[in-house]
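These are the residues of each chain, in order.
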Amino acid sequence: MVALIVGLKWQLLKNGLRRSTPALVGLILGGLYGLGVLAVAVSGLIALRLAAPGEARNVVVIGGSLLMLGWAIFPVVAYGIDETLDPSRFATFAVPRRQLVPGLLVSSLVSIPAAVTVILGLATVITWSRSVLAILVAPVAAAVAVLTCVALSRVTSTAFSAMSRHRRGREAVSVLVLLLAAGFGVVGSSVMKRLSAPDLVSQVAAVLGWTPFGLAWSAPAEIAQGAIWSGLLRLALAVIVLLAALLAWDFLLRGALENPLGASGGGRSTRDTGLGWFGRMPATPAGAVAARSITSWLRDPRYISSVALMLLLPLGLLLPQLSGGSDLWSLAMAPTAGFLLGWSMHNDIAYDGTAFWAHVATGVSGRADRLGRLAPTAMAASVLLPGYASLGCALTGRWSLWPALFGVGLGFLLTGFGVASVMSALKPYPVPGPGENPFAAPPGSSALTVVVQAIAGTAVFLLNLPLLVIASGALMGHTWMGWLGLGLALCLGSAALVLGTWWGARIYERRTPELLADLTRIR
Amino acid sequence: MPSAGSSAALSLRGLSKTFGSTLAVDRLDLEVPRGSFFGFVGPNGAGKTTTLSMATGLLRPDTGTAHIMGHDVWSDTVRAKQLVGILPDGLRLFDRLTGLQLICYSGLLRGMDRDTVAERAHELLGALGLDQEAGTLVVDYSAGMTKKISLACALIHAPRLLVLDEPFESVDPISTSTIRQILEGYAASGGTVILSSHVMDLVQRLCDRVAIVAQGRIRAAGTLEEVRSGMTLEERFVQLIGGQTNVGEGLAWLRSSSG
């Protein structure tokens, strides 16, 4: 049975590569990049053989713990990407669970991430080849660590796939994990920079060494440092962690196999008996498109996660200041937000998918379609642009720059709207479908995606070049140039918006059925 | 210009569509008289959905014309689209809206005023038995409920012609009966219905005119009596399309009589 399941996994991996030449080329390039990173990591681990044992422990334990944590949370962020061996698909075959569990576990090792983890685990054996006992313990500990990585990811993915029967639960968790990861990145990197004192790193490594994620990695380190009993104890505890993970998985698997479709219809979704935004926006076709867009932005995780990123990316500009660098970066927050909000609309129509037929069937005018779609970002921008401009001024203490900052943000936003109104009627490119993982890139789409994004971005940037020149004058201390910039942004932006929506509407009306055909094809 | 097709609810002339190297619809002509309940039947891949999409403005034909109540779908687009309500097959809905919101969206997109839209939406939800689910997101609807809400979206602007692609697919008997009653009432008051289906019995009971389509061409069209010529519609269909006759002769091991 184990051989059969592993064979199945191997076949799936091979068939996945057989799809198309561009996909294969992309995979090879990605693979070469990955191999490079892996080579650096492996040579680093080998080099650590010559470092002081304490230092080597810090690197291996912290890195190993992060790796294991990554294995544990990856299935949540990546749901829908690798369901090749979803346990509930075995439910209709009468496979005893006792044969299925080892089969699925071993088959999980047949994957590229698992191969990488195995190689890294083997490299730590070299790192710890400092005494006979360490050489004996290190391979065992590495094997336990690798198996625990895989088992933890199976626990998460099985628990998650049980929960995914409830649409809302799955979507909420996935967005939450993204936000946590982004927040962790922002906070973590600034903390690491400030507190890179060696004693703190040692303390972190010492604590991690006693957590389930670090036990297996720290066992050979302890022995190499001479703490034989501590090392053996950790190895024993690591084996217990592995067994616990396997038991938890087995338990969850029982649920997945006995109730493969899950309890459906349990959680009731939004019960909102009114018209919602359809009652608040003007009762015109453009108002209806606006109300529909706003409702989607609030309820569809694909939009929610892009809103979250648009909120967080400008905040990332605070990092240099937090880590003691220049505060000038914080001035770029409002312009960055304006650019992201305006530019991001250039593929809005693709998020409709084939639901766009409603616009085709009702013959809604191009103007109403173009203008209505801008409503959610326009609303977000009305809060974010003044907010980020004020934050930038407050952090630098240069309030005289406010009109320039807000002006550049507004210019980017409005010209972005204009460019996006034309682009999204011309060439929609593939995006994840509704209900799919918002972070999964549809395969084979990258070339078109990159070209369209680059054209839209370049167009917005070039249109705002005069504005940027004037704003840099304000930055050098000419306050009046800031006000001039704001005035120019209003004129330039409105012109771009009016022209863009007019031109976009014409293209839209000429191409309506072709747009639906495009959306059907890229679905 | 009122053409010969002005008396017909839908008139298709020489419609063709090629996808890559496959000819999906091949110079197809079809006349659907006003007030008829028209069944459009054919095997999988016969070109039913392609034809209905081209007839309603969702897909541009390679050649040929489509007229709805005498208005050219591809030149007098706005007028033609006002007269028709459609329920497509295999296309998504804006499923993050509640049922009520989705119906209202269809009405508001057509420029109707909000009070009329809200009033009609509530009436439609009541008639379709969906009033309990008006506030539920469409993504959480069952297949039958989704078909019913799509029908409501097609009806909100009181169209003169309804074009329904597989309206009964994966719909339970109770919802089927609800949809049937609404369609029969609509047809009785002078509306025209075109529906495509795989279920011959249903078409035979509901429709007064039928067309059988295969490989992108009409094989037979006319009143139900003319087309079925004494047989049941299903027998006539199999006779025209040429179904497999000796089904299952080789599957000896499947017969359990020996055991």
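**Q** Quick question: what am I supposed to make of the overall build of chain B here?
**A** On a plain count of helices and strands, chain B comes out with 9 helices and 10 strands. A compact globule built from 259 residues would reach a C-alpha radius of gyration of about 18 Å, and chain B, at 20 Å, matches this within 12%. Along the longest, intermediate and shortest principal axes, the C-alpha atoms of chain B span 65 × 55 × 40 Å. Relative to its full complement of 259 residues, chain B shows a buried share of 50%. Expressed as a percentage of contacts within chain B between residues at least 6 apart in sequence, the contacts between residues at least 24 apart total 67%.

**Q** It is not clear to me how helix H22 (residues 465-475) of chain A should be interpreted in this structure. Could you clarify?
**A** Helical geometry: 3.6 residues make up each α-helical turn, so side chains three or four residues apart lie on a common side. All names here are of chain A. Among the residues of H22, those classed as buried are Leu467, Ile470, Ala471 and Ala474. Seen end-on, H22 carries its buried residues on one side only, within an arc spanning 100°. Summarising the geometry of H22, the exposed residues directed more than 90 degrees from the buried face are Leu465 and Val469. Structurally, H22 contributes buried residues whose contacts are with helix H20 (402-426) and helix H23 (479-522). The positive-phi residue at the C-terminal boundary of H22 is Gly477, with phi of around 115°.

**Q** It is not clear to me how the interface of chain A and chain B should be interpreted in this structure. Could you clarify?
**A** Many descriptions give the size of an interface as the accessible area lost when the pieces come together. With 34 residues of chain A at the contact, the number on the chain B side is 36 residues. At the level of secondary structure, the elements contributing two or more residues to the side of chain A that touches chain B comprise helix H12 (285-299), helix H17 (357-362) and H23 of chain A. Residue composition of the side of chain A that touches chain B, grouped by class: 15 nonpolar, 12 polar and 7 charged.

**Q** Explain the sheet that holds strand E1 (residues 8-19) of chain B here, please?
**A** Hydrogen bonding along the main chain pairs the strands of a sheet, whether they run parallel or antiparallel. Residue and element names in this part refer to chain B. Strand order in the open sheet made by the 4 strands is E2-E1-E4-E5, with antiparallel pairing throughout. On the outer flanks of this sheet lie strand E2 (22-33) and strand E5 (71-72), each paired with one strand and no other. Bridge analysis of E1 against strand E4 (residues 63-68) gives 5 bridges, and the strand direction is antiparallel. Across the sheet, the residue bridging to Ser16 is Thr63, located in E4.

**Q** I keep staring at the nonpolar core and nothing clicks. Help me out?
**A** Across soluble globular proteins, you tend to see nonpolar side chains buried next to one another. A:Leu385, A:Leu405, B:Ile103, B:Cys104, B:Tyr105 and B:Ala152 are the most contacted members of the largest nonpolar core, which totals 161 residues. No other element matches the 15 residues that H20(A) contributes to this core. Apart from residues lying up to four places away in sequence, A:Leu405 is in contact with A:Leu331, A:Ala334, A:Pro335, A:Ala389, A:Gly392 and A:Cys393. Counting residues in each nonpolar core, the second largest holds 44 residues, with A:Ala56, A:Val144, A:Ala238 and A:Val241 among its members.

**Q** Help me understand the confidence of the model for chain B in this model?
**A** Segments scoring low in pLDDT should not have their predicted coordinates read at a detailed level. Residue and element names in this part refer to chain B. With 94% of its residues at a pLDDT of 70 or more, chain B has an overall mean of 90. Low pLDDT (under 50) marks residues 1-5, which in the prediction has 6 contacts with non-local residues, meaning those over four places away or in another chain. For this predicted complex, the interface confidence reaches an ipTM of 0.91, while the overall pTM sits at 0.76.

Definitions and cut-offs
Residues numbered from 1 in each chain as written. Chains lettered and ligands numbered in written order. Predicted model: local features only at pLDDT ≥ 70, side-chain atom pairs only at ≥ 80, totals over all residues. Helix = DSSP H or I, 4+ residues; strand = E, 2+ residues; numbered from the N terminus. Rg over C-alpha atoms; globule rule 2.2 N^0.38 Å. Buried ≥ 20, exposed ≤ 12 C-beta atoms within 10 Å, placed from the backbone. Contact = placed C-beta atoms within 7 Å. Arc of directions from axis to C-beta. Nonpolar A, V, L, I, M, F, W, Y, C, P; charged D, E, K, R; others polar. Pairing = 2+ DSSP bridges. Core = buried A, V, L, I, M, F, W, Y, C linked by C-beta atoms within 7 Å. pLDDT = per-residue confidence, 0-100.

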